[in-house]
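Survey of secondary and tertiary structure
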Amino acid sequence: MYLGQIIQKFSSLIGINNTIKQYVNTYENKDLLSHLLEGELDKIEIFLKEKNIEDARSQIDIILYKKESLPEELECRLIFLKGNIESELDNFSGVNLIIDSLSEKEKGRKYSLELKYIKAIKLDNEELMRECIDEFISSGEDEITILKRQLKFYFNNMHFNRIIEKVDYIEENQIKDRDIFYYIAVSYLNTGDNSKAIEYCNRRLEYGDSSLTTYVKTLAEINPILNKRLISISEEDKEFLKGKEVILKKLINELPEEIIEEVLTVIINIYLIIDLDTGIRFYDENKEKLNNSITSKVLIANIYELNNEFEKAKEIYLQIQNQQWTEELMSNIMFCMRATKDYLSYIKLFEKHNERIIDEDFLLTEFYLESLKNMGYLEKAIEKLEGI
């Protein structure tokens, strides 16, 4: 229900920041590094943490320009980091220049090939990814590392079915890896198989605690309830959600900042089911963190709807639908228009989106027929019935 947004919010900024720490911490001569760069690498980390990636790029240029005596390996690492940033800025001509520069400077193709692979992911270019994979194989990477590179490509570009297609191969070859299990869990969640998502979350958690995996597992556990219509949610469901709400609130301080808005949204959705007043208070306390996104607007409309303020809810739903049409939104609008007896507006709305509507429960069509009847359009209602 929510994870598509999570994937997008795990931008490569997190990866870039980790790259700095990885390359600094693994550099063989940390004393020399400290002497050469003092606190300048810290400035890069601060810029990235503030999502000021252009200043981070400028800081790398300053270091490369000033420090003519940089060891070759460290210089390559910094150039590679700059290539990551250019990729994040979608400056692929700059990335290509850096790949060429690295190919000339470094021994082997360690950084230039890695940057080429990052470019393939960023461009969602499977042909380029496979070209990189062939080169990684030639360089001696093992089978599991190669498989993880393929899955990472599909994962970052949300090709979840492609990951699921690999599951039989993974199981037949008894491949066990925490990252692979996480990729599979998220893929099953995004394709609607919550039980399989839980299974692979559990397998990932056998390797140790992971806040992200716990979050994914919690989503898989609560999605079947959140996807129910409100009137069909039992008291047992509500008690189950109360327990999960406690887990989610604990996770707020453990998960990456990039997905906190997502977590807050899930918690508020739970409150709208188990305790509306607490949900409203929780929303008011956290609304500045919700960034006025479509998700937060839906939450506001949900709150108005549950408070029987149907006109306010309807207006917000209609605004959202102009940006992003979904049948779920159509249902929300329908319930509000039914409550306000806005039959004519609903007739126009239904007919505008008629070709998109699937309406497995027949609720949207039923209210359309009711609206036609109430507006005196009996012939049109009969014609619609005959066509069903």
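Residues numbered from 1 in each chain as written. Predicted model: local features only at pLDDT ≥ 70, side-chain atom pairs only at ≥ 80, totals over all residues. Heavy atoms only, no water.

Per the secondary structure count, the protein includes 24 helices and zero strands. For the protein, the residues scored as buried account for 46% of the 388 residues in total. Long-range contacts, defined here as pairs at least 24 residues apart, represent 58% of the contacts in the protein between residues at least 6 apart. (Helix = DSSP H or I, 4+ residues; strand = E, 2+ residues; numbered from the N terminus. Buried < 20%, exposed > 50% of the residue type's maximum accessible area, 1.4 Å probe, protein only. Contact = heavy atoms within 4.5 Å.)

Any two side chains of opposite charge can pair if their charged atoms end up close together. Enumeration over the complete set of coordinates arrives at 27 salt bridges. The closest approach of N and O atoms between arginine 203 and glutamate 199, which form a salt bridge, is 4.0 Å. One end of the pair, arginine 203, and the other, glutamate 199, are both in helix α14 (residues 194-205), four residues apart, so they sit about a helical turn from each other. You can call arginine 203 buried: its relative accessible area is 18%. (Salt bridge = Lys/Arg side-chain N within 4 Å of Asp/Glu carboxyl O.)

Positioned with a positive phi, aspartate 90 is a non-glycine residue whose angle comes to about 60 degrees. Inspection of the secondary structure puts aspartate 90 in the loop between α6 (72-88) and α7 (92-105). Aspartate 90 gets classed as partly exposed once you look at its relative accessible area, which sits at 49%. Even without a glycine there, the phi angle at glutamine 174 is positive, about 50 degrees. Mapped onto the elements, glutamine 174 comes out in the loop between α12 (167-172) and α13 (178-190).

Moving on: the nonpolar core. Ranked by size, the top nonpolar core spans 63 residues in total, and within it Ile184, Tyr215, Leu248 and Ile270 carry the most contacts. No other element matches helix α17 (residues 260-274), which puts 11 residues into this core. Counting residues in hydrophobic clusters, the runner-up holds 24 residues, among them Ile320, Met337, Leu349 and Ile357. (Core = buried A, V, L, I, M, F, W, Y, C linked by side-chain atoms within 4.5 Å.)

What describes a pair of aromatic rings is the distance from one ring centre to the other and the angle between the planes of the rings. Using the criterion set out here, one finds 14 aromatic pairs in the structure. Centre to centre, the rings of tyrosine 346 and phenylalanine 350 are 6.1 Å apart; their planes meet at 45 degrees, and the pair counts as tilted. Of the two residues, tyrosine 346 and phenylalanine 350 are both situated in helix α22 (residues 343-352); the distance of four residues between them amounts to about one turn of the helix. Residue classification places tyrosine 346 among the buried residues on the basis of a relative accessible area of 0%. (Phe/Tyr/Trp six-rings, centres within 6.5 Å; stacked < 30°, edge-to-face > 60°.)

Relative to each other, α17 and helix α19 (residues 294-306) sit at 10 degrees, their axes nearing to 11 Å. Put simply, α17 runs roughly parallel to α19. Contact residues: α17 offers Thr265, Ile268, Asn269 and Leu272, while α19 offers Thr295, Leu299, Asn302, Ile303 and Leu306. Broken down by class, the residue content of the contact of α17 with α19 amounts to five nonpolar, four polar and no charged. (Axes fitted to C-alpha atoms, helices over the stretch in contact; angles between N-to-C directions. Parallel < 35°, antiparallel > 145°, perpendicular 65-115°, else oblique. Nonpolar A, V, L, I, M, F, W, Y, C, P; charged D, E, K, R; others polar.)

Mapped onto the elements, tyrosine 343 comes out in helix α22. For tyrosine 343 and serine 371, which are 28 residues apart along the polypeptide, the C-alpha to C-alpha distance reads 4.7 Å.

Our next topic: a nonpolar patch on the surface. There is a patch of nonpolar side chains on the surface, built from Leu344, Met375 and Tyr377 and spanning about 240 Å² of accessible area. Among the secondary structure elements, leucine 344 is positioned in helix α22. On the accessibility criterion, leucine 344 (35% relative accessible area) is partly exposed. (Patch = residues over 30% accessible without salt bridge, like charges linked within 9 Å, V, L, I, M, F, W, Y side chains within 5 Å. Areas by Shrake-Rupley, 256 points an atom, 1.4 Å probe, with all protein chains shown as cover.)

This brings us to the environment of phenylalanine 362. With respect to the secondary-structure elements, phenylalanine 362 resides in the loop between α22 and α23 (363-374). Exposure remark for phenylalanine 362: the relative accessible area of 34% places this residue in the partly exposed category. Not counting chain neighbours up to four residues away, the residues in contact with phenylalanine 362 comprise Leu369 and Ile388.

The next subject is α17. What sets the pattern is the α-helix's 3.6 residues per turn: residues three or four places apart point alike. For α17, with 15 residues, the first-to-last C-alpha span of 21 Å sits near the 21 Å given by 1.5 Å per residue. When you tally the buried positions in α17, you get 15 out of 15 residues, the bulk of the element. (Expected span 1.5 Å × (residues − 1).)

Time to look at the packing of helix α21 (residues 327-340) against α22. At their nearest, the axes of α21 and α22 sit 10 Å apart, and the two run at 160 degrees to each other. When the interaxial angle is binned, α21 and α22 end up roughly antiparallel. Between α21 and α22 the crossing geometry is left-handed. Note on element contacts: α22 touches α21 through Ser345, Tyr346, Leu349 and Phe350, opposite Met330, Ile333, Met334 and Met337. Residue composition of the contact of α21 with α22, by class: seven nonpolar, one polar and no charged. (Left-handed = near helix turned anticlockwise from the far one by under 90°.)

With 89% of its residues at a pLDDT of at least 70, the protein reaches an overall mean of 87. Per-residue pLDDT stays below 50 along residues 1-17; that stretch engages in 52 contacts with residues further than four places along the chain or on separate chains. (pLDDT = per-residue confidence, 0-100.)

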